[in-house]
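This is what each chain is made of:
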Amino acid sequence: MKKTFLFGLLAGSLLLSATSCSNPDIKSDEDVATEPLPPIPAAPDTTGGKTPSANEATREINAVNATEDIKKMQPTM
């Protein structure tokens, strides 16, 4: 008896939640944007105007090269 009662409550809650999701006052075609979106702005230049060398574009990404890059970025003391 308890199992059928629980299944009945579950079915009733699903029925109520499904009927409460639909609202006849809201039309689905009203929320559609009719104007085109503005263009995406250009990405900011974070290189400081420096151009990458040809070697950097074809260089393999591995631990040795990453360590060298980190050493180049560290301030010298």
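Residues numbered from 1 in each chain as written. Predicted model: local features only at pLDDT ≥ 70, side-chain atom pairs only at ≥ 80, totals over all residues. Heavy atoms only, no water.

1. Here's the deal with the overall build of the protein
Move 1: Helix and strand counts for the protein come out as three helices and zero strands.
Move 2: Shown N-terminal to C-terminal, the secondary structure of the protein runs as helices and strands in the order α-α-α.
Move 3: Of all 77 residues assigned to the protein, the portion counted as buried reaches 1%.
Move 4: On the protein, roughly 8000 Å² of surface is accessible, and the fraction owed to carbon and sulfur atoms is 65%. (Helix = DSSP H or I, 4+ residues; strand = E, 2+ residues; numbered from the N terminus. Buried < 20%, exposed > 50% of the residue type's maximum accessible area, 1.4 Å probe, protein only. Areas by Shrake-Rupley, 256 points an atom, 1.4 Å probe, with all protein chains shown as cover.)

2. What to know about the confidence of the model for the protein
Move 1: Summarising the model, the protein shows a mean pLDDT of 76, and 66% of its residues fall at 70 or more.
Move 2: Looking at the elements of the protein, mean pLDDT is at its lowest for helix H2 (residues 54–58), recorded as 69, and at its highest for helix H3 (residues 63–73), recorded as 87. (pLDDT = per-residue confidence, 0-100.)

3. Some remarks on a nonpolar patch on the surface
Move 1: A cluster of nonpolar residues, Phe5, Leu6 and Leu9, forms a patch on the protein surface that exposes about 340 Å² of accessible area.
Move 2: Within the element layout of this structure, leucine 9 appears in helix H1 (residues 2–21). (Patch = residues over 30% accessible without salt bridge, like charges linked within 9 Å, V, L, I, M, F, W, Y side chains within 5 Å. Salt bridge = Lys/Arg side-chain N within 4 Å of Asp/Glu carboxyl O.)

4. A closer look at the side chain of asparagine 65
Move 1: On the secondary structure map, asparagine 65 appears in helix H3.
Move 2: Not counting residues up to four positions away in its chain, the partners in contact with asparagine 65 are Arg59 and Glu60. (Contact = heavy atoms within 4.5 Å.)

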